[in-house]
Amino acid sequence: MKETPEDASTPSRPSRLYTGGERPFDPEDLVMASGHDVTPERVEAARRHIEEKGAAALERYLP
């Protein structure tokens, strides 16, 4: 069966999906994932939260 142009332009799915917690992330990533603007105060709070909860801090906001 020959591929149509639509088939060729469709991106393939990754072989492994990530929730975010199993890869390195920064406090800024946590602030953005929570839907807030990045401010020094929120970054510091996120840094403390990451130290306390680890990857679970980010997984709370991601599927």
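Residues numbered from 1 in each chain as written. Predicted model: local features only at pLDDT ≥ 70, side-chain atom pairs only at ≥ 80, totals over all residues. Heavy atoms only, no water.

Q: Please clarify how the overall build of the chain should be interpreted in this entry.
A: If you tally the helices and strands in the chain, you get 4 helices and 0 strands. In sequence order, the chain lays out its α and β elements as α-α-α-α. Across the 63 residues that make up the chain, the buried fraction comes to 17%. Within the chain, counting contacts between residues at least 6 apart in sequence, those at least 24 apart form 54% of the total. Carbon and sulfur atoms provide 51% of the accessible area of the chain, an area that totals close to 5300 Å². (Helix = DSSP H or I, 4+ residues; strand = E, 2+ residues; numbered from the N terminus. Buried < 20%, exposed > 50% of the residue type's maximum accessible area, 1.4 Å probe, protein only. Contact = heavy atoms within 4.5 Å. Areas by Shrake-Rupley, 256 points an atom, 1.4 Å probe, with all protein chains shown as cover.)

Q: What is the right way to read the nonpolar core from this model?
A: Ranked by size, the top nonpolar core spans 8 residues in total: Phe-25, Leu-30, Val-31, Val-43, Ala-46, Ile-50, Ala-57 and Leu-58. Residue assignment for this core shows that the elements contributing at least two residues are helix H2 (27-33), helix H3 (40-53) and helix H4 (56-59). Examining the composition of this core, we find that 3 residues originate from one element, H3, more than from any other. Other than its neighbours up to four places away in sequence, Ile-50 contacts Phe-25, Asp-26, Pro-27, Leu-30 and Ala-57. (Core = buried A, V, L, I, M, F, W, Y, C linked by side-chain atoms within 4.5 Å.)

Q: Just to check I follow, could you spell out the pattern of salt bridges for this structure?
A: Where charged atoms from two side chains of opposite charge come close, those side chains can pair. Scanning the entire structure with this criterion turns up 2 salt bridges. When the shortest N-O distance is used, the salt bridge between Glu-44 and Arg-48 registers 3.9 Å. Taken together, the positions of Glu-44 and Arg-48, both in helix H3 and 4 residues apart, correspond to about one turn of that helix. Classification of Glu-44 by relative accessible area gives partly exposed; the value is 35%. Connected via shared salt-bridge partners are Glu-44, Arg-47 and Arg-48. (Salt bridge = Lys/Arg side-chain N within 4 Å of Asp/Glu carboxyl O.)

This is a description of form; function is not addressed.
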